[in-house]
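Commentary on secondary and tertiary structure
Take a look at the letters that make up each chain.
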Amino acid sequence: MSQNAKVVIIGGGVAGCSLLYHLTKLGWTDVMLVEKDKLTSGSTWHAAGLCTHFNPSYNMMKLLRESVDLYETLEAETGQAVDLHRCGSIRLADSQDRLDEFEHRKGIADQLGIPFEIISPERALELFPLLNTEGILAAAYLPSDGYIDPTGLTHALAKGAVARGARILRHTGVTAIEREENGWRVETSEGPIHAEIVVNAAGQWAREIGRLVGVELPIVPIEHHYLITEQVDEVKALDTELPILRDPRASYYVRSEGGALLVGPFERDTVPWALDGIPDNFHSSLLPADLDRLEDVLTAVAERVPAFANAGIKDVINGPDGYTPDGLCLMGPVPGLKDFHVLAGFSIFGIVFSGGAGKNAAEWIVHGQPGDNMWEVDVRRFDKYANSTKYVADRACEVYAHEYAIHYPEEERPAGRPLKTTPLYEPLLAKGGVFGARFGWERPLWFARNGPARDEYSFRRANWHEAVGEECKAVRSRVGVLDQTSFAKYEVSGPGAEKFLDRLCANKLPKSVGRISLTQMCTARGGIECDVTVTRLGENHFYVVSAAATEGHDYAWIASHLPDDESVRLDNVTSRYGVLTLAGPRSREVLQSLTDLDCSRKGFRFFRCHDLHVGMAPVRALRLSYVGELGYELHHPIEYQRYLYDRVMEAGAEFEIVDWGYRALDSMRLEKAYRLWGVDMSADWTPLEAGMDRFIAFDKGDFIGRDALLRQRDQGIERSLACLVVDATDADPHGYEPVLAGDESIGYVAAGGYGHTVEKSIALAYLPTEFAEPGSELEIKILGDRRAAQVVGPALYDPKNERLLS
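This structure is a prediction, so every number in the text was calculated from the model and none was measured.

This part is about the pattern of salt bridges. A complete count under the given rule lists 52 salt bridges for this structure. One salt bridge connects Arg 98 with Glu 101, and the closest N-O pair in it is separated by 3.1 Å. Of this pair, Arg 98 and Glu 101 are both found in helix H3 (residues 96–112), 3 residues apart, which corresponds to roughly one turn of the helix. Note on Arg 98: relative accessible area 7%, which makes it buried. We note a salt bridge from Arg 381 to Asp 326, for which the minimum N-O separation is 2.8 Å. Of this pair, Arg 381 sits in the loop between helix H10 (350–367) and helix H11 (389–401) while Asp 326 sits in the loop between strand S16 (313–323) and strand S17 (330–333); the two residues are 55 residues apart in sequence, bridging distant segments of the chain.

In C-alpha cells form, the structure reads like this:
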C-alpha cells in the first residue's frame, strides 16, 4: 500500500531517531522513519555507550554538549529509561605535548560551560583507585562525561517523535529510490512511500543506500572490539562508580560494568570489513574476535590497571561501524540530488554526536541552514576523489588508529596520499617541499632548505617556523612562486549567465571583459556561503575561482541555483588549469621579461585579467594577490605547467626568486587580515560582520541575502571580525582560544598565527562591537596562559595598500 510523507528517514539508529525527534520539535510532524530491522543504535555491540565532551573543535564540542544535555532530559520527557551515568572521565597525560592539548581543549570547554579540570596524578588516583600512576604527569578530568544505554536512548528519541505525530516502519527494507516530478519514491518491502525529502541515516549501510540514487558516499565499516571481564573484586569493593579512564598513549578506554571492567582498545592495525558491500542478512550481528590484534593494547591495560591483569575475560565483542576518511560524519544536502540529505558515518561516536547532529540536520532541512557552523561535517567537503574504496578504507583505518592520538594544529596525515598531484609535485619535493593535502590535492606547505623535510608537530612554534619566516621575507622583499593549482575553478556561460551570477553575488559583476570582482555569495539569511573571484571572459562567459577545500561545496551551491531553461552552463574546470602565483615587489619585472604585454602599473591594472604567452605556453594572467604584495596568478592549461615554471624560475633567477608554500601564504594573509572561508568566514557570519561590506552592492538590485543584509545594516551589527596583536612567546593562537575581557569570555579566535614580517602574533576573532574597536585591551588564553591582546586596525602590513597597488 502506498504511503506519503513530507520527510522519509532511512535508518533507525540513534542518528535517524534524533533527526526524527528534532524535526517534530520544529513542527514537522508528517515525517516517517524506515528501519530494516529494529530500532537500536548502530553501535549496540559497542555497549560502552560513551558520552564525552573531549574534542579539538569548538563547534563539535558544542555539538557534544547539546547531545548530552538532551539525553539528560529525555527520560523525564518520554518515560523511556536511557540509563545515563554521568560518572565523569579521566584522560591521562604523559608528555608536555599532551598537557598542551589538554590546555587547548580546556579553553574551548570553558567557553561552552563544560566542566574541565587538569588534575594531578594523585587526584586521578583518588578518582580511579585501580590506577597505576607511574609515568603520568597529569590528567584531564571531565566530571560531566559518562555513558548511556544505546538502545534505551534510541527508543526514547523515537518515542518522543511518535508522541508528536511521527511514524515509524520497523522491519521494512528499502529496495529502490527514484526521483519523481515533485519528490521521491522510496520502494520498500511494505510498499512505496512518496516523500518530498529523503534522508539517508543508514549508518554503515549509508553507502549502499547512496548507491540506490547513484551516489558514492565515503563510508566504510571498520572493526572495533570491546571486552568485558569476569567480576573484579577491586571493582566490587568500591563505594562509587569509577569514572571512564582513557590512556591515550596506549589507545584504550576502561569503565566499570557492574562489578566487572569493560575495555575498548583502539589497536594500531585494525581492519576494514565488507568493502564489497555489507551482507543483506547482517544486522546487529557480530564478527569473529581477533585477540592477537589486541595483545599489545591489552598488555598496556594490565600495566596501567593492575586489577585487569588478574581478571578473567567473560566476553569479547567485535562489531563494525561506519567510518569516513576524516572520522567525522556526513551531514547535509547531497550534491546533485534535490531534497536528498545524509546523516551518517559517525564511527563509534554516533551516540554522543547524534543528539546535537540531529538538531542541526533538522534545522538544515526546515530552515535551509543549520543553527551552527557544520562545515566540518558537511558532506560537500568530499567529492569524487573520495569515491575509491581503497582511499576511504586507508584513511578510515588511519583515523581509527589515531582516535586517541594528539590532534595538533596544522597536522597532515599520510594515508591515501599522494592522490592528486600537479606536474610540479616531484620537482618541488626534490627541492625540500613539505606537502599537505586539500580536497585530494597535494600542495606545498613549506620548503626545508636546512634540516629534515618533514613536519614535527607542536602546539607551540613548530620546526617550520624559521623556514616559513625566510619564505615570507623573500616574497616581501624580492619575488616568489607558489603552485596554487588546487584552486577551485568554474566556468559559467550561456545567454543567462550574467543574470544568474548577478543574483548569486552580493557584489557587482565585472562590467567589461578582462575585469575581476571579489564577491561573496550569501544565504537567504545573509550568511557568507561562498567567497569567490569572478572574471569576465566574454559577454556571457565568466571564470569563477574559489578555495581548494570548498571545490565541492561551492560547485554544489552554484549548481543548486541553475535555471531549468538550460540558459546557463556550469563547468568545473579545476583539473584543467594549473595556477602559478607570482608575488613580490620584483614580480612585475619577472613577468615583463617573459611577455610582450605591457605589465606596467597602467598597462596591467589591479583586478584585471589578460591572456598572454610565456614563451610557448598560453597563460591567463590575473593581477591580484592574497598576500598584500604586487602579484599575479598565472592560470594555464595544466600540460604546460613544467614548461611555464621553468621559464619563470629562469627569469626570476637574477632576483633570487624562491619557492614558497601555503604556511607563508597564511602568515602574510593574516598580516593583511584577509579572510578565509571556512576559517574566519562562514554562513554563520554576514559580510557586514566579517568587515566585507565594501563588497556588497546594495544599489545593484536584488541578490540572494539582500533583504537580510539590509535589515542588519539598518539595525546594526552586534559582533564584527577584529584583528588583534597578541603578546605571545613560543605559542601563537591557532583557533578556538578564548578571548577575554576581564574574566568574561567574549569570543574565540577564528584564525591565528605569527606574522613574520611585522614580527607579531596575530589573531582574528568575532567580538562584540564594543570590544572590536582599535585600542581595546583584551586577553587571549593560549595553552592556559592569559596573554595580553590589543585590537588593531584592519591591516598590520601596508594598511594603505601601496605595495599591493604599485
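So that's the structure; there's more coming.
With respect to the helices, strands and loops of the structure, Gly 319 is situated in strand S16. Using a relative accessible area of 0% as the deciding quantity, one classes Gly 319 as buried. Along the sequence, Gly 319 and Glu 223 sit 96 residues apart, while their C-alpha atoms lie 5.6 Å from each other.

Taken together, 6 strands build a closed barrel; the order of strands is S32-S35-S34-S33-S36-S37 and the barrel is antiparallel. Here the strands of the sheet are splayed against their neighbours by 40° on average, with no regard to which way each runs. Pairing analysis gives 6 bridges linking strand S34 (residues 744–755) to strand S35 (residues 760–768), with the strands arranged antiparallel. The residue bridging Val 749 from the neighbouring strand is Ala 765, located in S35.

Okay, helix H17 (residues 641–652) next. Taking 1.5 Å of rise per residue, the 12 residues of H17 would be expected to cover 16 Å, and the 16 Å separating its terminal C-alpha atoms lies within 8% of that figure. Looking at H17, one finds that the buried residues are Gln 641, Leu 644, Tyr 645, Val 648, Met 649, Ala 651 and Gly 652. Down the axis of H17, the smallest arc covering the buried residues is 165°, so these residues share one side.

Before going further, it helps to spend a moment on the nonpolar core. By size, the foremost hydrophobic cluster in this structure holds 102 residues, and its most contacted members are Ile 9, Leu 19, Leu 23, Ile 177, Met 331 and Leu 343. If one sorts the elements of this core by residue count, H10 sits on top with 8 residues. Among residues more than four places away in sequence, those in contact with Leu 19 are Ile 9, Val 199, Leu 343, Gly 358, Ala 361, Ala 362 and Ile 365. Counting residues in each nonpolar core, the second largest holds 41 residues, with Ala 448, Ala 728, Ala 741 and Val 791 among its members.

As a further point, take helix H19 (residues 706–715). Every buried residue of H19 is listed here: Ala 708, Leu 709, Leu 710 and Gln 712. On its buried face, H19 sits against strand S23 (516–522).

Definitions and cut-offs
Residues numbered from 1 in each chain as written. Predicted model: local features only at pLDDT ≥ 70, side-chain atom pairs only at ≥ 80, totals over all residues. Heavy atoms only, no water. Salt bridge = Lys/Arg side-chain N within 4 Å of Asp/Glu carboxyl O. Helix = DSSP H or I, 4+ residues; strand = E, 2+ residues; numbered from the N terminus. Buried < 20%, exposed > 50% of the residue type's maximum accessible area, 1.4 Å probe, protein only. Pairing = 2+ DSSP bridges. Axes fitted to C-alpha atoms, helices over the stretch in contact; angles between N-to-C directions. Expected span 1.5 Å × (residues − 1). Arc of directions from axis to C-beta. Core = buried A, V, L, I, M, F, W, Y, C linked by side-chain atoms within 4.5 Å. Contact = heavy atoms within 4.5 Å.

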